[in-house]
Amino acid sequence: MIERKHDRSLWIKTTGIREWKDGTAHYNRCESTPYVALNKLFKRYKFDKTDRLVDFGCGRGRVAFYIHNRFEIPVTGVEVHDITYDEALENKASYRHKFKDIEAPVRFEYGLAEHYEIKPTDNKFYFFNPFSIKIFKKVVNNILHSAKKEKRTIDIILYYPMPEYKLYLKKSTPFKLVNRIRVPGANDSKEKFLIYRLK
Ligand SMILES: C[S@@+](CC[C@H](N)C(=O)[O-])C[C@H]1O[C@@H](n2cnc3c(N)ncnc32)[C@H](O)[C@@H]1O
């Protein structure tokens, strides 16, 4: 109920779970980050006007719209499920009709996260358990490659972090854990955000 109410305030529809029809070992289902979790995250964590967010496996776009609306920064969502991607575009049309005055762009790219070309200004990367560790490693390597070419501070935000993701970032990358934000009332210990930073 609360999810739909918040959706309505953004003029979008992002509730519901969508499983992959044929099942896939590498690509996870569509499910949006709960608004209560996003509200909690952004009590403690803020974006600057110069930040650029990419949501890898953006689903119907909830996180992208929420952040765009709250911080007015450019956001990009990458999604590979065709129906889900179309829903993100429908949401964009409706959201933009209502919020046309926010200058920063909202973009959605159809395709694989591991094929997304990291832009030199992209510096905040969001993951809600979208895919297997194998794909995550490829995406993080793309981020590191981009950071080598264009030096900048980069944050990776994990919601509902998988142990394999945490282990990989800790043992095999220069990213350092800088913040841990729990979701109030959560029964599941994975319902939290971890923020990793590369300086
Ligand atoms: C758990 S949902 C997260 C949705 C959104 N990020 C949020 O937090 O509200 C994960 C999404 O990742 C998408 N996905 C899975 N593998 C992907 C890949 N390799 N490239 C792009 N999207 C992918 C799924 O189709 C699904 O919509």
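Residues numbered from 1 in each chain as written. Predicted model: local features only at pLDDT ≥ 70, side-chain atom pairs only at ≥ 80, totals over all residues.

J.: Describe the nonpolar core, naming the residues involved and giving the relevant values.
T.: The biggest cluster of nonpolar side chains holds 44 residues, and the ones touching the most others in it are Phe56 and Phe125. In this view, Phe125 contacts Val54, Phe56, Ile143, Ile156 and Ile157; residues no more than four positions away in its chain are not counted. (Core = buried A, V, L, I, M, F, W, Y, C linked by C-beta atoms within 7 Å. Buried ≥ 20, exposed ≤ 12 C-beta atoms within 10 Å, placed from the backbone. Contact = placed C-beta atoms within 7 Å.)

J.: Tell me about the sheet that holds strand β3 (residues 106-110), and please be specific about residues and values.
T.: Across a sheet, strands are paired by hydrogen bonds formed along the backbone, either parallel or antiparallel in direction. One open sheet accounts for 7 strands, arranged β3-β2-β1-β4-β5-β7-β6; its pairing is mixed. Two strands bound the open sheet, and with one partner strand each, they are β3 and β6 (176-182). Put simply, the sheet's adjacent strands are angled 20 degrees from each other on average, direction ignored. Pairing of strand β4 (residues 124-128) with strand β5 (residues 154-159), which is carried by 5 bridges, proceeds in the parallel orientation. Within β5, the residue paired with Tyr126 across the bridge is Ile157. (Pairing = 2+ DSSP bridges. Helix = DSSP H or I, 4+ residues; strand = E, 2+ residues; numbered from the N terminus. Axes fitted to C-alpha atoms, helices over the stretch in contact; angles between N-to-C directions.)

J.: Run through the packing of helix α5 (residues 133-149) against helix α6 (residues 163-172), naming residues and quoting values.
T.: Geometry of a packed helix pair, given as the angle between the helix axes and the separation of the axes. At their nearest, the axes of α5 and α6 sit 10 Å apart, and the two run at 35 degrees to each other. Note on packing geometry: the crossing formed by α5 with α6 is right-handed. Here Ile133, Phe136 and Lys137 of α5 come into contact with α6, specifically with Glu164, Tyr165 and Tyr168. The class makeup of the residues in the contact of α5 with α6 is 4 nonpolar, no polar and 2 charged. (Left-handed = near helix turned anticlockwise from the far one by under 90°. Nonpolar A, V, L, I, M, F, W, Y, C, P; charged D, E, K, R; others polar.)

J.: For helix α3 (residues 62-71), give the residues involved together with the corresponding values.
T.: For α3, a buried count of 7 out of 10 residues is recorded, marking the element as mostly surrounded by other parts of the structure. Within the span of α3, buried status applies to Arg62, Val63, Ala64, Phe65, Tyr66, Ile67 and His68. A positive backbone phi angle near 60 degrees is found at Glu72, which sits one or two residues after α3.

J.: Could you give an account of the site of the ligand, with specific residues and numbers?
T.: By nearness alone, 25 residues border the ligand, and Tyr27, Cys30, Gly57, Gly59 and Phe128 come closest of all. Breaking the shell around the ligand down by element, the ones donating at least two residues are α3 and β2 (75-79). Taken together, the residues that form the shell around the ligand break down as 12 nonpolar, 8 polar and 5 charged. (Near = placed C-beta within 6 Å.)

J.: Describe the environment of Lys92, and please don't skip the residues or the numbers.
T.: Relative to the assigned elements, Lys92 resides in helix α4 (residues 82-98). With 19 C-beta atoms packed within 10 Å, Lys92 lands in the partly exposed category. When the C-alpha atoms of Lys92 and Phe65 are compared, they prove to be 8.1 Å apart, with 27 residues separating the residues in sequence. When near neighbours in sequence (up to four residues on either side) are disregarded, Lys92 contacts Gly61, Val106 and Phe108.

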